[in-house]
Amino acid sequence: MERIVLIGFMGVGKTTIGRRLAMRLSRDFYDTDSTVAKCEGMPVAEVVRKKGVKYFQGAEQFAVTTLMEKPNAVISTGGSTVLNDASRAALRDGSLIIWLQATADTIYRNTCHSRNRRPELQGKTAAEIGELLDQRLPYYQECDITVQVDGREIDDIVNELLQKIQRTLDAQ
Ligand code: S3P
């Protein structure tokens, strides 16, 4: 069975949903941010602050390449992982790509307590988050399955995902 990769903007629940999905499918779970944090010995926000975005993207690309050696895993990515051409190409190879979609308002609400550890969102209004989201849409839209997460319970989202994954695999 293919690797399952979750993509989407910050604050849509990729890690929480990915972990729950992996549990339901009895698969291993990995997260690109956690892999980078483990390698660098500090949270990703600190990597970005101390070493810069370019360095973070390089570390993230390395993490993606490493995680692609886990063929059956569920993998959650960082919000900007798919913006990197090499990471996007690596992720696509042998994976089912799932986009967790949310509105800028949902993202604004979901990240209000975590904007400190997300330098990319610090001081941003919902409208500014919307602009960033719009810029990234073409990358997120390159997916196999889309699930809308606004205002929904995690289990409800995971149940829809399980159905859509099954349907997609049956159709292949
Ligand atoms: C980023 C999202 C973060 C993290 C980094 C950059 C972004 O991951 O990879 O801070 O620019 O979208 P989450 O999407 O898990 O917050």
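Note that the coordinates shown come from a computational prediction; the quantities given were computed from them, not determined experimentally.

## Some thoughts on the nonpolar core
Ranked by size, the top nonpolar core spans 41 residues in total, and within it Phe-9, Leu-21 and Leu-100 carry the most contacts. The biggest single contributor to this core is helix 8 (residues 154-171), with six residues. Setting aside its immediate chain neighbours within four residues, Leu-21 contacts Ile-4, Leu-6, Val-74, Val-158, Leu-161, Leu-162 and Ile-165. Among the nonpolar cores identified, the runner-up in size contains eight residues, and Val-44, Val-47, Phe-56 and Ala-63 belong to it.

## Describing the side chain of Arg-3
Note on placement: Arg-3 falls in strand 1 (residues 3-7). Only 3.4 Å separates the side chain of Arg-3 from the backbone oxygen of Lys-70, close enough to count as a polar contact. Side-chain polar atoms of Arg-3 contact the side chain of Ser-95, separated by 2.7 Å. Discounting chain neighbours no more than four positions away, the residues touching Arg-3 are Arg-27, Leu-67, Met-68, Lys-70, Pro-71, Ala-73, Ile-75, Leu-91, Asp-93, Gly-94, Ser-95 and Leu-96.

## Side note on the sheet that holds strand 3 (residues 74-76)
Pairing within the open sheet is parallel, and its five strands lie in the order 2-3-1-4-5. Single-partner strands in this sheet number two, and they are strand 2 (29-31) and strand 5 (145-148). Neighbour to neighbour, the strand axes of the sheet diverge by 20° on average, direction disregarded. As defined by bridge partners, strand 1 adjoins strand 3 across three bridges and the pair is classed as parallel. When the sheet's bridge partners are listed, Leu-6 is paired in strand 3 with Ser-76. Lying on the sheet, helix 1 (residues 14-25) is in contact with strand 1, strand 2, strand 3 and strand 4 (95-101); it crosses strand 1 at an angle near 160°.

## Observations concerning the site of the ligand
Surveying the vicinity of the ligand reveals the residues Met-10, Lys-14, Asp-33, Phe-56, Gly-78, Gly-79, Ser-80, Arg-118, Glu-120 and Arg-136. Contact distances for the ligand include 2.7 Å between an oxygen atom and a side-chain N or O atom of Asp-33. Between an oxygen atom of the ligand and a side-chain N or O atom of Glu-120, the distance comes to 3.1 Å. With the chains in place, 94% of the 380 Å² that the ligand exposes on its own is no longer accessible. When its residues are assigned to classes, the shell around the ligand shows two nonpolar, three polar and five charged.

## Description of unusual backbone geometry
Backbone geometry at Ser-26 places phi at a positive 50°, although glycine is not the residue there. Counting through the fold element by element, Ser-26 comes out in the loop between helix 1 and strand 2.

## Section: the pattern of salt bridges
A side chain of one charge can pair with a side chain of the opposite charge if their charged atoms are brought near each other. In the structure shown here, the tally under the stated rule is nine salt bridges. Residues Glu-142 and Arg-88 are paired through a salt bridge, measuring 3.7 Å at the closest nitrogen-oxygen approach. Taken together, the positions of Glu-142 in the loop between helix 7 (126-140) and strand 5 and Arg-88 in helix 5 (residues 85-92) put the pair 54 residues apart, joining distant regions of the chain. Arg-88 gets classed as buried once you look at its relative accessible area, which sits at 17%. Each of Arg-152, Asp-156, Glu-160 and Lys-164 takes part in a single network of salt bridges with overlapping partners.

## Digging into the packing of aromatic side chains
With the rule as written, the count across this model stands at one aromatic pair. Taking 6.1 Å as the distance between ring centres and 25° as the angle between the ring planes, the aromatic pair formed by Trp-99 and Tyr-140 counts as stacked. Remark: Tyr-140 occurs in helix 7 and Trp-99 occurs in strand 4; sequence separation between them is 41 residues. Accessibility classification places Trp-99 together with Tyr-140 in one group, the buried group.

Cut-offs and rules
Residues numbered from 1 in each chain as written. Predicted model: local features only at pLDDT ≥ 70, side-chain atom pairs only at ≥ 80, totals over all residues. Heavy atoms only, no water. Core = buried A, V, L, I, M, F, W, Y, C linked by side-chain atoms within 4.5 Å. Buried < 20%, exposed > 50% of the residue type's maximum accessible area, 1.4 Å probe, protein only. Helix = DSSP H or I, 4+ residues; strand = E, 2+ residues; numbered from the N terminus. Contact = heavy atoms within 4.5 Å. Polar contact = N/O pair within 3.5 Å; in protein donor to acceptor, adjacent residues only side chain to side chain. Pairing = 2+ DSSP bridges. Axes fitted to C-alpha atoms, helices over the stretch in contact; angles between N-to-C directions. Near = heavy atom within 4 Å. Areas by Shrake-Rupley, 256 points an atom, 1.4 Å probe, with all protein chains shown as cover. Nonpolar A, V, L, I, M, F, W, Y, C, P; charged D, E, K, R; others polar. Salt bridge = Lys/Arg side-chain N within 4 Å of Asp/Glu carboxyl O. Phe/Tyr/Trp six-rings, centres within 6.5 Å; stacked < 30°, edge-to-face > 60°.

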